[in-house]
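Report on the structure
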Amino acid sequence: MEIRAGYDIAFQCFQETPMVLMLSIEPTRVKDLLSEHRIRFSPDVEPHDYVDMFGNTCTRIVAPPGLIAIRNDFLIADSGLPDAVAPDARQLEVGELPDDVLIYLLGSRYCETQKLSELAWSLFGAVTPGWQRVRAICDYAHQRISFGYRHARSDRTAWEGHEERVGVCRDFAHLAVTLCRCMNIPARYCTGYLGDIRVPVDPEPMDFSAWFEVYLDGRWFTFDARHNHPRIGRIVMARGRDAADVAFSTNFGAVQLVRFSVITEEVASSTVRAYRAA
């Protein structure tokens, strides 16, 4: 299947403002592109890409005073398969984990393992380790938090989400990631595109989405505590310990977000041909 994805974002900058953007797809998906994938700026600026410690592509710019628009629009091939399900996937002992995975057992800015450890063990200690334990954690986070864009708050932690019982996709992911880490299951936060592909259309405006991955049986598996069932067409932009590592924009100065739209949709073959011709 083919997916069209992209965004149209604009900031009002009150002075010259350095920015770091995480708006590129993950490097392993570049081979799947069916069109050019290029971040466009208006007015033009000189971008510089680098790869961070988590393997994410980051783009540095210095935005001039005034309005700066940031856009992308691309086509990408996708398998059309839902997230993998592996009920027998084994939870590895901490001593078995690769060195580079250990960081995903530690507490982080939005994932306060010290505050949720006792709760996690009381809830999930008797659940079969591995896939079944992660599934139970996903179910708990899904039921604990009520979703609503009006509940969005950029500084809400996993503990606060658990206590407030409201949030957006990042809050579901933070809570599930934290509970997994409390149970010695490596978990990392993901952000990217997730359209309403072969599911009922959400009437709310589309946004970037957040989900998480856990390390079981020697590989990473995708889980989504907000939707709580396998989905089709995820396109990862960035992974990290939590949302602090993968913000789509980090601004070193005062700015105002004045426009924000995201598109992710399955496209028919005829549309793909027309898009390529254009």
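Below you will find a few notes about this structure. Along each chain, residues carry numbers from 1 onward, in the same order as the chain's sequence is written. Confidence filtering applies because this is a predicted model: local features only for residues at pLDDT of at least 70, side-chain atom pairs given and counted only at 80 or more, and all residues used for totals across whole chains, interfaces and linings. Calculation of side-chain values draws on the structure's entire complement of heavy atoms; hydrogens and water are dropped beforehand.

Looking at the sheet that holds strand β4 (residues 48–51)
Pairing between two strands requires that DSSP report at least two bridges joining them. Starting at the N terminus, helices and strands are each numbered in turn, a helix being any DSSP run of H or I of at least four residues and a strand any DSSP run of E of at least two. Taken in spatial order, the 4 strands line up as β4-β5-β2-β13 in an open sheet, and their pairing is antiparallel. With partners counted over all chains shown, the strands left at the sheet margins are β4 and β13 (249–251), one partner each. Averaged over all pairs of adjacent strands, the angle between their axes in this sheet comes to 25 degrees, without regard to strand direction. Examined bridge by bridge, strand β2 (residues 17–21) and β13 share 3 bridges and lie antiparallel to one another. By the bridge assignment, M19 is partnered in β13 with N251. Axis lines are fitted to C-alpha atoms, over the contacting stretch for helices. Their N-to-C directions set the angle, which ranges from 0 to 180 degrees.

Some details on the pattern of salt bridges
Any Lys or Arg side-chain nitrogen found within 4 Å of a carboxyl oxygen on Asp or Glu counts as a salt bridge. Inspection of every chain in the model, using the stated rule, returns 25 salt bridges. Among the salt bridges present, the one from R90 reaches E96, with a minimum N-O distance of 3.3 Å. Think of it in three bands: residues with accessible area under 20% of the maximum for their type are buried, residues over 50% are exposed, and the middle band is partly exposed, with areas taken using a 1.4 Å probe on protein chains only. Taking relative accessible area as the criterion, E96 reaches 40% and is therefore assigned partly exposed. A network of salt bridges, in which partner residues are shared, links R153, D155, R156, E160, E164 and D171.

Some points on the packing of aromatic side chains
Stacked, tilted and edge-to-face pairs are distinguished by plane angle, under 30 degrees for stacked and over 60 for edge-to-face with tilted covering the rest, among Phe, Tyr and Trp rings (Trp via its six-membered ring) whose centres lie within 6.5 Å. Scanning all chains against the criterion turns up 15 aromatic pairs. With a centroid separation of 5.9 Å and 25 degrees between ring planes, the pair formed by F212 and F223 is classed as stacked. Placement of F212 in strand β10 (residues 209–216) and of F223 in strand β11 (residues 219–223) is noted, with a sequence separation of 11 residues between them. Accessibility expressed as a relative area gives 3% for F223, which makes it buried. In textbook terms, an aromatic cluster arises when at least three aromatic residues are bridged by ring pairs, as seen for Y7, F74, Y193, F208, F248 and F260. The criterion for a charge sitting over a ring is simple: Lys NZ or Arg CZ within 6 Å of the ring centre, and within 35 degrees of the ring normal. Sitting over the face of the ring of Y110, R170 holds its NZ or CZ atom 4.8 Å from the ring centroid. Here the guanidinium or amino end of R219 rests over the ring plane of F221, the centre of that ring lying 4.0 Å away.

Details of the sheet that holds strand β3 (residues 40–42)
With antiparallel pairing, 4 strands are arranged side by side in an open sheet as β3-β6-β1-β14. Of all the strands in the sheet, the pair left with one neighbour each is β3 and β14 (255–267). Taken over all neighbouring pairs, the strand axes of this sheet differ in orientation by 10 degrees on average, direction set aside. Here β3 pairs with strand β6 (residues 66–77) via 3 bridges, running antiparallel. Bridge pairing in β6 places R40 opposite R71.

Considering helix α1 (residues 113–124)
In this model α1 runs just 14 Å from its N-terminal to its C-terminal C-alpha over 12 residues, more than 12% under the 16 Å that 1.5 Å per residue would give. Taken as a whole, α1 has its buried residues at T113, L116, A120 and F124. What you see down the axis of α1 is that its buried residues fit within an arc of 75 degrees, all on one side. Relative to its buried face, α1 has exposed residues pointing more than 90 degrees away, namely Q114, E118 and S122. One less than the residue count of a helix, multiplied by 1.5 Å, gives the span that helix is expected to have. Think of the arc as the fan of directions from the helix axis to the C-beta atoms.

As for the nonpolar core
Where a protein is soluble and globular, its nonpolar side chains tend to be buried together. If you look at the biggest cluster of nonpolar residues, it comprises 30 residues, and the most contacted ones within it are F212 and V214. Elements supplying a minimum of two residues to this core: α1, α2 (131–144), α4 (169–182), β10 and β11. The next biggest cluster of nonpolar side chains, apart from the first, holds 27 residues, and it includes I61, I76, Y193 and I232. Think of a nonpolar core as a cluster: buried Ala, Val, Leu, Ile, Met, Phe, Trp, Tyr and Cys residues, connected wherever their side-chain atoms sit within 4.5 Å.

Considering unusual backbone geometry
In this structure, the amide linkage connecting S42 to the following residue, P43, adopts the cis form with an omega of 5 degrees. For P43, the position within the fold is in the loop between β3 and β4. A positive phi angle, near 65 degrees, is found at N184, a position not held by glycine. Examined against the element boundaries, N184 turns out to sit in the loop between α4 and β9 (187–193). Classification of N184 by relative accessible area gives partly exposed; the value is 33%.

So, the side chain of T113
As for its position among the elements, T113 is in helix α1. Judged by its relative accessible area of 15%, T113 falls in the buried class. Whether two residues are in contact is decided by their heavy atoms, any of which lying within 4.5 Å being enough. Those residues within four positions of T113 in sequence are excluded, and the remaining contacts are G107, T178, R181 and C182.

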